[in-house]
Protein chains: 2
Amino acid sequence: MASKWIYFFSKEKTDGNRDQKELLGGKGANLAEMCSLGLPVPPGFTVSTQACLDFYEQDKSFSEEIKSQVLEALKNVEAITGKKFGDASDPLLFSVRSGARVSMPGMMDTVLNLGLNEEVVEGLIKKSGNARFAWDSYRRFIQMYSNVVLGVNTSMLEILLEDLKDARGVEEDTELSAEDLKDLSETFKRTLTSEFGVVFPEDPSEQLWKAIGAVFDSWNNPRAIRYRKINSFSDDWGTAVNVQSMVYGNMGDDCATGVCFTRDPSTGEKKFFGEYLINAQGEDVVAGIRTPCPINDCSKNESNKTLATLEEAMPVVFAELTSVYKKLESHYQDMQDIEFTVEKGKLFLLQTRNGKRTTTAALKIATDLVNEGLVDKKEVIMRIDPEDLNQLLHPTLDPEAKKLVLTTGLPASPGAATGQIVFDSDTAHELNEAGKKVILIRQETSPEDIHGMAASEGILTARGGMTSHAAVVARGMGKPCVAGCSGVFINEEHKTCTIAGKGYKEGEYITIEGGTGEVISGEVPTIEATISDDFATFMSWADEFRVLKIRTNADNPEDSKVAINFGAEGIGLCRTEHMFFDVERILAIREMIFSQNPGDREKALSKLLPFQKKDFLGIFKEMDGKPVNIRLLDPPLHEFLPQRDVEKDDLAAALEISREEIERIISTLEEMNPMLGHRGCRLGVTFPEIYCMQARAIIEAAIEASDSGVVVKPEIMIPLISHAKELSYINDWVKRTIDNIFQEKGKTVDYKLGTMIELPRAAITAAEIAEHADFFSFGTNDLTQTTFGLSRDDAGKFLPYYVDQKILPCDPFVSLDQSGVGFLVDLATKEGRKTNPKMHIGICGEHGGEPNSIDFCHRTGLDYVSCSPYRIPIARLSAAQAAIRNG
Amino acid sequence: MASKWIYFFSKEKTDGNRDQKELLGGKGANLAEMCSLGLPVPPGFTVSTQACLDFYEQDKSFSEEIKSQVLEALKNVEAITGKKFGDASDPLLFSVRSGARVSMPGMMDTVLNLGLNEEVVEGLIKKSGNARFAWDSYRRFIQMYSNVVLGVNTSMLEILLEDLKDARGVEEDTELSAEDLKDLSETFKRTLTSEFGVVFPEDPSEQLWKAIGAVFDSWNNPRAIRYRKINSFSDDWGTAVNVQSMVYGNMGDDCATGVCFTRDPSTGEKKFFGEYLINAQGEDVVAGIRTPCPINDCSKNESNKTLATLEEAMPVVFAELTSVYKKLESHYQDMQDIEFTVEKGKLFLLQTRNGKRTTTAALKIATDLVNEGLVDKKEVIMRIDPEDLNQLLHPTLDPEAKKLVLTTGLPASPGAATGQIVFDSDTAHELNEAGKKVILIRQETSPEDIHGMAASEGILTARGGMTSHAAVVARGMGKPCVAGCSGVFINEEHKTCTIAGKGYKEGEYITIEGGTGEVISGEVPTIEATISDDFATFMSWADEFRVLKIRTNADNPEDSKVAINFGAEGIGLCRTEHMFFDVERILAIREMIFSQNPGDREKALSKLLPFQKKDFLGIFKEMDGKPVNIRLLDPPLHEFLPQRDVEKDDLAAALEISREEIERIISTLEEMNPMLGHRGCRLGVTFPEIYCMQARAIIEAAIEASDSGVVVKPEIMIPLISHAKELSYINDWVKRTIDNIFQEKGKTVDYKLGTMIELPRAAITAAEIAEHADFFSFGTNDLTQTTFGLSRDDAGKFLPYYVDQKILPCDPFVSLDQSGVGFLVDLATKEGRKTNPKMHIGICGEHGGEPNSIDFCHRTGLDYVSCSPYRIPIARLSAAQAAIRNG
């Protein structure tokens, strides 16, 4: 039986609908939906994603079935439009556009005006009565087709265009004459042959098949592959191709093309918002080559406020567009991003989709939609990608700080960023790898810049509007972006620029504020994100659904405070060793390490006791009423050793031993595999006085805090347990110490004593370990290392290659490996609870703030996840989504 | 309800039997059994091991119940013997001896003649009419009691005895007069008071209770604890105490004491064999102070052949003893080690037990017992400790080698050993730790020497017989021992000796041959063990029962040959990298490592190909018809890097790059945790050309071997797999390579492609991995490391402490951790077979030759274990025992 490969769409007959994104791509599904809604959409057809997969299966060729279905659909379009493809009198032209199931910035391969050739262009002139338009369309077609389909680097054609404008002394393409454009198209074709050996195809049918094939090919271009990898999208989705009859925004001044949003994509405010250009086509608006006009007063800003709005220029069209956008938003129940073209005063819709937006806007829209009664809380909670909350959590400029504003551009993506300037994406990437913070400055960005943008703190472009590539992508990434900043002039070759007349070289610092569009001299202090009412409302809704508690990893009172503000319900991991690196303390630590007997060790430890106690006291006060889980010393002792000669001499003097003895002891602490060495509870077993000191500091601080009215809930956590007896052995020491303190003080506090589960053996024997533990906390960093036999420190040499080659689906240190490491987490949870049903169980590895891992933790029935303070809102939302998703 | 703490034994009434070793200890259970058999055993009672545990529970005191039961038993003995304990006219004396459930050389605490004091000794004189005997008994009692019960270092008393003999000008204790001995006992008691502040207890009852308590105490003396640790015996067993009425072998020349074996404990020959001394007591025979006489002609050797046999001296007693030994052997169905005493011509039995024996003897006895129809094959298979086979597998002297025999002692424990001489056990231990091979030379050994003997290659003593401490313990340990070598004179203080007049200093080399008693000058080459007919018969019986196949770990044809001789059924692990360290090859390896692109790498690899191919060809020929499992490159590349400057320069010259570049590349290969780094299949993924070269070498060698008529069964094994996709990725490369070879050669061979399971994740996801594997082989060394998160290289700092503190029951690298690592082995086996029921599964870690681990492998249903060639017989026997034990 024949398969259906082609889906027709038109007002008259439409095969698909909005729910078929997997088959038709987002664009195709929405074109079909708009047709069904009776909206003015140029008719066309969608070649399905299945056809794309078939294309690859057939070694990049089209089956006869697909060929015949395309021809049939083409005939239908001809019938509806009354034009004929390749007809020299009234030609039917097509746009050919890719459309995968999700919007992929890496794959913007579009060909307009397909079907033109030397002969057909004459028909277009005849029919339109506009030779300039026809030749402009033809030269655009040659450019786009050469680039997208023929794979030619078309910058040479761009240069020919610029040369021609220079020769004519004009600024805008629109100022070139029909003759100019005719000559240019000739020149283009000649150049293609002379420079690239390419003969531009004249046969419209050949043009079409090659274009469809090129879109399919583009599914596997490096940009697309990279984008899918970044977003963990499957390579098996394929892309659809939309073949749609052309309408022309470039046929004269009664023509236009534009992009609009049903609500403000930056703030989320309920106001219609967009940009357009008269006598323009396709990508002209988003490519940022001309500064677009505002569609209405709401859409005005500093750079376009003097330009005529669509409302003013074409009031009838604007009224129709207004009615359309309302219909679409209410139909889709979400903010829409709409592409339209006006041909000779008639409105056509080319695309609608859920609009990209800043997270601020997303939350505003979400809360508004719920308040407007359009959608329910569950629905809006599921709509926000937790990672997007990152945007809100980035620091903003300190309002108290002095700042020298050099110039202002478009406020394209909110948030403040400071960094060293670079002028190309590769350098951005390199410096970021080297740990630098960079601001990427570009004339305008293109899909080739994705990796540079990802590597930057913020993006500044000299050209382009609020819907330019830079703006859209930066918002998607949650990066600050100032776009279309005319005060910036770039010399890419010399890696310099001037900003408002002041010269800057690569590596100098600037600051940008994407919420205001300000470009600021040097480094400016930033402050932590403040939480909007919408955010608070939205998060409170999330909290209504989530089951998992959210704790934080925090080692000091300051971080604890930040975490509380973000909604932390306790500390899941307080790493005591981070407190040791302080200058005042490190010498005492070293004295402890170099002690050759328990007596000396206790003496050195007694110097540390007051420091640790003070730390814990501060944390207990901050976390008043909330549990505080403190992990006893974990890293191998050599992490604390003196590195520099002067440190070694200081230590030798303090210990009254020779420098040689210091060196000797250091050498005895060296390990072949420190990750698997003398660390964690193994230190507690061999040097119990260390853990006893730490237990004393915790409990004395708890008593003191309790005395001052604070509600303390200390949890003492033993790391790196592999055997139940290790835990019972250490518990004996710790409990004895605590009982002594209770006797000394004549007072007790409640505390819990438990363990990390971070070694496979601990997970496997969890039932036995649970006999000695009030709680488990999964240390999934170490558990991932040992389960995979993979050192995070050393994996850099091959792990990226593994992910590239798809041997691993993703970096298991980023997203929990559910089938391997997850098996152990699940096993230990079940076995632990069998022994001790009352025990509470959480996770404190980096995975505790990662949405997929949080979903796993929810399904596994953990009590809480713990993550860094800035990830807490992400974790709260992820936990809510997990609860909703898993019903 | 009252518990039963005390078990009486006598011809008239006996509470216990041979099956109660756990309760009564081996000695007590066998005393009871002999009484039941009607044999002449002096009556007495056993204080049970339960009483020992109770003693410790009561803070080292005796409960009233125990006290009253002891007193009741004592009265029973008085009733049967007609003598009274503490009676000055006809005194009842006791021997007090420890007796745990297994014989423990570390705990030989015996007190004879208990109940004597100044007053009672007069009664003994009166009753025996032998003052010399009575005073000799008393001074012996003082000596033993002071040492064992009072804990005094009695060497000072020994010196007093030696001084007295010197003063009297006599050699033997027996030449001292009654008066001498009376004075000596006075001197002893005075010295105890003046030198040690000890008043020797006069009250017999106090003597008894203290003695029982001392035996209980001795359960926890350091020697006993150490011995239990070496043998993995539980501390919770406790020891029993046997309180037995005295009979006297030292009452005159119609008295004697002796030890005999029902078969020869060295060779296993069916001949009655033993030693005795006229007018001696207790430990005189085994202590080696006097050279004992042979009990019959069979028992004669070079040093005692002129002495009168028991058969000649006491023919009636000898006849009775003959009848007794036959009865005992047939009753116990095993060779017996019997202690007897003759008092005034009457035979008494003091102990019987299954005799310790050399492994040669054990196998001879085992096969004889089956052939005699006394026991069945299963029974004898279970009787041999697999580790004891080690004895047979040690090298013997090369008969071709020239050797200068210095002198000859008793052939106390077979096998040849070469080493540097030391004169004390601590030095033996130290040098052994430092990697030296030592021969321990002692006047005679004592339980204090256990650790020194364990650390030595062999033991040479100047005094003592075939049943001396040195001989018995050495046989137990499977160490070569030459005992009672009168040609050796030791100066312990100067750490020198003369052997047959030639001076030797500590550290000089000698060789001993424990099967002949020869002491040989310098180092002598040794050859591998040859296999006796008994061994072959016994092993063939074991093979009838075992289910597990036994393979070997072998990296070259030579080892393969040894392994085949020991019964290997294939190679379970051939480590290709061991072949790389050869001088000829290492440069090519380094060129491969330093290659910066696949082309150079392939060029370097092509140099290695012929070497590898030759290795494999040799192995295939040796293993004709048997499977050969070859693991592809596993260790991190930096293991092969040049260390010395000259090597670096050679490499720089070969590669035509600078020394600096060499250093730079070396530094890029450094890893934080090499065990978890870029190794195993990760090398195969990132540098597939390495594995392709190895696959080519294997398959080309297989085809070549096959062409020459050899039956080849190559198995290619990929190490360190953590994810199924790693294996499928590498399989693709390897299969492609092999298919190419098949095409080139126009010929194919069958081969298997599988993987190590040595990471927790591999075990967990075994079902998926099995889709790509023909076999699994558990690499339990690495699996133990990752499951525990424990680096074998670094564990030395704390693992011994863990075992000491009983946090871990044993070193998990020695005996497989069944509840942790074993869980993963079991899981992977089940999951792997679910996917691929035909796959074969084995183990190739060190555990593959360890009996407990082999039992686990049997229970888990593995197909085979693989171990080093010399462990193969142990593995075969362990596998048979596992099959029998688990029904």
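What counts and what doesn't
Residues numbered from 1 in each chain as written. Chains lettered and ligands numbered in written order. Predicted model: local features only at pLDDT ≥ 70, side-chain atom pairs only at ≥ 80, totals over all residues. Heavy atoms only, no water. Helix = DSSP H or I, 4+ residues; strand = E, 2+ residues; numbered from the N terminus. Rg over C-alpha atoms; globule rule 2.2 N^0.38 Å. Buried < 20%, exposed > 50% of the residue type's maximum accessible area, 1.4 Å probe, protein only. Contact = heavy atoms within 4.5 Å. Areas by Shrake-Rupley, 256 points an atom, 1.4 Å probe, with all protein chains shown as cover. Lys, Arg positive; Asp, Glu negative; His and termini not counted. Charge placed at Lys NZ, Arg CZ, Asp CG, Glu CD. Buried area = accessible area lost by both parts, 1.4 Å probe. Salt bridge = Lys/Arg side-chain N within 4 Å of Asp/Glu carboxyl O. Pairing = 2+ DSSP bridges. Axes fitted to C-alpha atoms, helices over the stretch in contact; angles between N-to-C directions. Right-handed = clockwise from strand over helix to strand, strands pointing away. Polar contact = N/O pair within 3.5 Å; in protein donor to acceptor, adjacent residues only side chain to side chain. Least-squares fit on C-alpha atoms with pLDDT ≥ 70 in both. Left-handed = near helix turned anticlockwise from the far one by under 90°. Nonpolar A, V, L, I, M, F, W, Y, C, P; charged D, E, K, R; others polar. Core = buried A, V, L, I, M, F, W, Y, C linked by side-chain atoms within 4.5 Å. Phe/Tyr/Trp six-rings, centres within 6.5 Å; stacked < 30°, edge-to-face > 60°. Lys NZ or Arg CZ within 6 Å of the ring centre and 35° of its normal. Expected span 1.5 Å × (residues − 1). pLDDT = per-residue confidence, 0-100.

For the rest of this paragraph, the subject is the overall build of chain A. On a plain count of helices and strands, chain A comes out with 34 helices and 33 strands. For a compact globule of 887 residues, the expected C-alpha radius of gyration is about 29 Å, and chain A comes in at 32 Å, within 12% of that figure. For chain A, the spread of C-alpha atoms along the three principal axes comes to 100 × 65 × 50 Å. Within chain A, the fraction of its 887 residues that count as buried is 60%. Summarising the internal contacts of chain A: among those between residues at least 6 apart in sequence, 69% fall at separations of at least 24. In the structure as shown, chain A presents an accessible area of about 33,700 Å², 49% of it carried by carbon and sulfur atoms. For chain A, the distance from the average site of its 97 positive side-chain charges to the average site of its 135 negative ones is 3 Å.

On to the environment of B:Gly419, then. Of note, B:Gly419 is situated in strand β16 (residues 416-422). Apart from residues lying up to four places away in sequence, B:Gly419 is in contact with B:Lys437, B:Val438, B:Ile439, B:Glu508, B:Tyr509 and B:Ile510.

Before going further, it helps to examine the interface of chain A and chain B. Counting from both sides, the interface comprises 48 residues of chain A and, opposite them, 48 residues of chain B. Its largest share of buried area at the contact with chain B, chain A owes to A:Leu676, A:Arg761 and A:Ile807, together 15% of the area lost on that side. With a shortest N-O distance of 2.6 Å, A:Asp817 and B:Arg761 are connected by a salt bridge. At the level of secondary structure, the elements contributing two or more residues to the side of chain A that touches chain B comprise α24 (659-669), α25 (681-686), α27 (724-745), α28 (760-764), α30 (780-788), α31 (799-804) and α32 (821-835) of chain A. Residue contributions to the side of chain A that touches chain B peak at four residues, all from α25(A).

Let us look at the sheet that holds strand β33 (residues 864-867) of chain B. Residue and element names in this part refer to chain B. What the eight strands build is a closed barrel, ordered β26-β27-β28-β29-β30-β31-β32-β33; its pairing is parallel. For this sheet the average axis-to-axis angle between neighbouring strands, irrespective of direction, equals 25 degrees. Pairing of strand β31 (residues 775-778) with strand β32 (residues 840-843), which is carried by four bridges, proceeds in the parallel orientation. Following the sheet pairing, Phe 776 is matched in β32 by Ile 841.

A word on the pairing of strand β26 (residues 549-553) of chain A. Residue and element names in this part refer to chain A. Most of β26 is tucked away: four of the five residues are buried. The pairing of β26 with strand β33 (residues 864-867) spans four bridges and is parallel. Paired with Lys 549 across the strands is Tyr 864, a residue of β33. Taken together, the two bridges between β26 and strand β27 (residues 571-575) define a ladder with parallel strand orientation. Directly across from Asn 553, in β27, lies its bridge partner Leu 573.

Here the focus is the pairing of strand β29 (residues 713-718) of chain A. All names here are of chain A. Here β29 lies mainly inside the structure; five of its six residues are buried. In terms of strand pairing, strand β28 (residues 627-631) meets β29 through five bridges, oriented parallel. Paired with Pro 627 across the two strands is Lys 713, which belongs to β29. For the handedness criterion, the β-α-β arrangement of β29, α27 and strand β30 (residues 752-757) is classed as right-handed.

This paragraph deals with unusual backbone geometry. Backbone geometry places A:Ala500, a non-glycine residue, at a positive phi of 50 degrees. Structurally, A:Ala500 can be placed in the loop between β21 (496-499) and β22 (502-505). Even without a glycine there, the phi angle at B:Lys806 is positive, about 60 degrees. In this fold, B:Lys806 is placed in the loop between α31 (799-804) and α32 (821-835). The class for B:Lys806 is partly exposed, based on a relative accessible area of 46%.

Below, the discussion takes up the sheet that holds strand β21 (residues 496-499) of chain B. Residue and element names in this part refer to chain B. The strand order across the open sheet built from three strands is β20-β21-β22, with neighbouring strands paired in antiparallel fashion. Strands with a single pairing partner mark the edges of an open sheet, and in this sheet they are β20 (488-491) and β22 (502-505). Between one strand and the next, the sheet's axes are offset by a mean angle of 20 degrees, whatever the strand orientation. Note that β21 and β22 share four bridges and pair antiparallel. Bridge assignment links Thr 496 to a residue of β22, and that residue is Lys 505.

The subject of this paragraph is the side chain of B:Ser185. Residue and element names in this part refer to chain B. Inspection of the secondary structure assignment puts Ser 185 in helix α7 (residues 178-196). Polar contacts involving the side chain of Ser 185 include one to the main-chain carbonyl oxygen of Lys 182, which spans 2.7 Å. Setting aside anything within four residues of it in sequence, one finds Ser 185 in contact with Trp 135, Tyr 138, Arg 139 and Ile 142.

Okay, the relation of the copies chain A and chain B next. By a simple turn and slide, chain A fits onto chain B: the slide is 0.2 Å along the axis, the RMSD is 0.3 Å, and the turn is 179 degrees. When the rotation and shift are considered jointly, the pair of chain copies conforms to a two-fold rotation axis. When C-alpha distances to the rotation axis are compared across chain A, the minimum falls at A:Asn673, with a value of 2.0 Å. When the interface residues of chain A are mapped onto chain B, 100% of them are again interface residues, pointing to one common binding face.

This part is about the side chain of B:Thr49. Residue and element names in this part refer to chain B. As for its position among the elements, Thr 49 is in helix α2 (residues 49-57). The class for Thr 49 is buried, based on a relative accessible area of 2%. The contacts of Thr 49, once residues within four sequence positions are left out, are Glu 22, Leu 23, Gly 25, Trp 237, Gly 238, Thr 239 and Ala 240.

This part takes up the packing of helix α22 (residues 598-622) of chain A against helix α26 (residues 688-707) of chain A. Residues and elements named next belong to chain A. Across the interface, α22 lies against α26 with an axial gap of 8 Å and an inter-helix angle of 35 degrees. As for how α22 packs across α26, the hand of that crossing is right-handed. Residues Pro 598, Arg 601, Glu 602, Leu 605, Leu 608, Leu 609, Gln 612, Lys 613, Phe 616, Leu 617 and Phe 620 of α22 form the contact with α26, whose participating residues are Glu 689, Ile 690, Met 693, Gln 694, Arg 696, Ala 697, Ile 698, Glu 700, Ala 701, Ala 702, Glu 704 and Ala 705. Residue classes in the contact of α22 with α26 are distributed as 14 nonpolar, two polar and seven charged.

Further remarks concern the nonpolar core. A:Leu389, A:Phe538, A:Phe620, B:Leu389 and B:Phe620 are the most contacted members of the largest nonpolar core, which has 273 residues in total. Setting aside chain neighbours within four positions, we find A:Phe620 in contact with A:Val628, A:Ile630, A:Ile698, A:Ala701, A:Ala702, A:Ala705, A:Val710, A:Val712 and A:Pro714.

What follows deals with the packing of aromatic side chains. Enumeration according to the criterion identifies 34 aromatic pairs over all chains in this entry. For the ring pair A:Phe45 and A:Phe94, a centre distance of 6.3 Å and an interplane angle of 75 degrees mean the geometry is edge-to-face. Linking A:Phe45 in strand β2 (residues 44-47) with A:Phe94 in strand β5 (residues 94-99), this pair joins segments that are 49 residues apart in sequence. With a centroid separation of 5.0 Å and 40 degrees between ring planes, the pair formed by B:Phe55 and B:Phe62 is classed as tilted. Classification of B:Phe62 by relative accessible area gives buried; the value is 14%. Among the aromatic side chains, those forming a connected cluster through ring pairs are A:Phe55, A:Tyr56, A:Phe62, A:Trp209 and A:Phe216. Positioned over the ring face of A:Trp733 is A:Arg736, at 5.0 Å from the centre of the ring. Positioned above the aromatic ring of B:Tyr864 is the side chain of B:Arg551, whose terminal nitrogen or guanidinium carbon lies 4.1 Å from the ring centre.

Residues and elements named next belong to chain A. For helix α13 (residues 359-371), built from 13 residues, the straight-helix expectation of 18 Å at 1.5 Å per residue is met to within 8% by its first-to-last C-alpha distance of 18 Å. All of the buried residues along α13 are Thr 359, Ala 361, Ala 362, Leu 363, Ile 365, Ala 366, Thr 367, Asp 368, Leu 369 and Val 370. Positive phi appears at Gly 373, one or two residues downstream of α13, with a value of about 80 degrees.

Time to look at the environment of A:Lys830. Residue and element names in this part refer to chain A. Relative to the helices and strands, Lys 830 is located in helix α32. Residue classification places Lys 830 among the partly exposed positions, given a relative accessible area of 48%. When the C-alpha atoms of Lys 830 and Ala 767 are compared, they prove to be 8.4 Å apart, with 63 residues separating the residues in sequence. Polar contacts involving the side chain of Lys 830 include one to the side chain of Asp 826, which spans 2.7 Å.

The next thing to look at is the pattern of salt bridges. Tallying each qualifying case throughout the model produces 128 salt bridges over all chains. In this structure, B:Glu372 and B:Arg263 form a salt bridge, with 2.7 Å as the shortest nitrogen-oxygen distance. Taken together, the residues span a long stretch of sequence, with B:Glu372 in the loop between α13 (359-371) and α14 (377-383) and B:Arg263 in the loop between β8 (256-261) and β9 (273-278) at a distance of 109 residues. With a relative accessible area of 34%, B:Glu372 lands in the partly exposed category. Within the structure, one salt-bridge network assembled from shared partners comprises A:Arg132, A:Asp136, A:Arg139, A:Arg140, A:Glu162, A:Lys165 and A:Asp173.

Attention shifts here to the confidence of the model for chain A. The predicted model of chain A has a mean per-residue pLDDT of 91, with 96% of residues at 70 or higher. The ipTM, which scores confidence in the relative placement of chains, is 0.80 for this predicted complex, and the corresponding pTM is 0.80.

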